[in-house]
Amino acid sequence: MENIKASFGILKDNTHYFPVHVYYNHTDAGQIVYFANYLRMTEEARVAMFNMLASDDEKEHKELQSVGDFVVRSCNAEYLKSAVLNDDLVVVSKVVDMGKVQLELSQDIYRGDEKLVEVKFKLVFVRLLPDGSHKPSRIPEFWMERLKQIA
């Protein structure tokens, strides 16, 4: 079988766009998207965005992951309107603020031009220690440079 890859979305005008189709498993009994599933959509978009911004070189990519990763410190969601079964949505992600250790990211979910959900995340870069624990750490220069593409 040919090498088939999932889409990581697109980067355009300092913004990441990630398409999502609403399937039955996203909805409740009324075929309305269950509130927690919007957070799953933003997580999928965020992972796709980081994968897109990461190195194409597989060895370098694994080295970056071994150094540390971004983890969610907090999130705030405002649910404006509901999506329903078979809607086509887009998660729009943009860096709002970048510090030495912390990153603030907005991820809004749209159906066409209609904004359905606004989510603000604070992410912290953590370094993986040899004993398996994590320690907040300065965002590596590699990520600072790459994240400017969506700031």
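Residues numbered from 1 in each chain as written. Predicted model: local features only at pLDDT ≥ 70, side-chain atom pairs only at ≥ 80, totals over all residues. Heavy atoms only, no water.

J.: What is the right way to read the pattern of salt bridges from this model?
T.: Per the counting criterion, the structure on display carries seven salt bridges. With its nearest N and O atoms 3.6 Å apart, the salt bridge here joins K115 to D108. You can call D108 buried: its relative accessible area is 11%. Note that R111 is salt-bridged to E114, the shortest N-O span being 2.9 Å. Overall, E114 belongs to the partly exposed group, its relative accessible area being 29%. Through salt bridges with shared partners, a single network forms among K81, D87, R111 and E114. (Salt bridge = Lys/Arg side-chain N within 4 Å of Asp/Glu carboxyl O. Buried < 20%, exposed > 50% of the residue type's maximum accessible area, 1.4 Å probe, protein only.)

J.: Help me understand the environment of Y110, please; the structure alone is not making it clear to me.
T.: Here Y110 shows up in strand β5 (residues 102-111). Of the residues examined, Y110 reaches a relative accessible area of 22% and is grouped as partly exposed. Sequence separation between Y110 and A83 is 27 residues; the distance between their C-alpha atoms is 9.1 Å. Not counting residues within four places of it along the chain, the set of residues in contact with Y110 comprises D88, L89, V90, V92, K115 and L116. (Helix = DSSP H or I, 4+ residues; strand = E, 2+ residues; numbered from the N terminus. Contact = heavy atoms within 4.5 Å.)

J.: I tried to follow the pairing of strand β6 (residues 114-128) on my own but got confused; where do I start?
T.: Looking down a regular strand, the side chains alternate between one sheet face and the other. Bridge count between strand β3 (residues 68-79) and β6: eleven bridges; the pairing is antiparallel. Pairing of V71 across the sheet is with V124, part of β6. Inspection of the sheet shows β5 paired to β6 by ten bridges, in the antiparallel sense. Among the inter-strand pairings, Q102 is bridged to a residue of β6, identified as V124. As consecutive antiparallel partners, β5 and β6 are separated by two residues, and within that stretch G112 has a phi angle of approximately 65°, a positive value. Direction of pairing for β6 relative to strand β7 (residues 134-136): antiparallel, over a ladder of three bridges. For R127, the partnering residue across the bridge sits in β7 and is K135. (Pairing = 2+ DSSP bridges.)

J.: Explain the environment of R40 to me, please; I cannot follow it from the model alone.
T.: In this structure, R40 sits in helix α1 (residues 35-53). Overall, the relative accessible area of 57% leaves R40 in the exposed class. Counting along the chain gives 14 residues from R40 to H26, while the straight-line C-alpha distance between them is 9.4 Å.

J.: What is the right way to read the environment of L11 from this model?
T.: Along the chain, L11 falls in strand β1 (residues 10-12). With a relative accessible area of 32%, L11 lands in the partly exposed category. In this structure, the C-alpha to C-alpha distance between L11 and L53, residues 42 residues apart in sequence, is 9.2 Å. Ignoring anything within four residues of it in the chain, the contact list for L11 reads H16, M52, L53, Q149 and I150.

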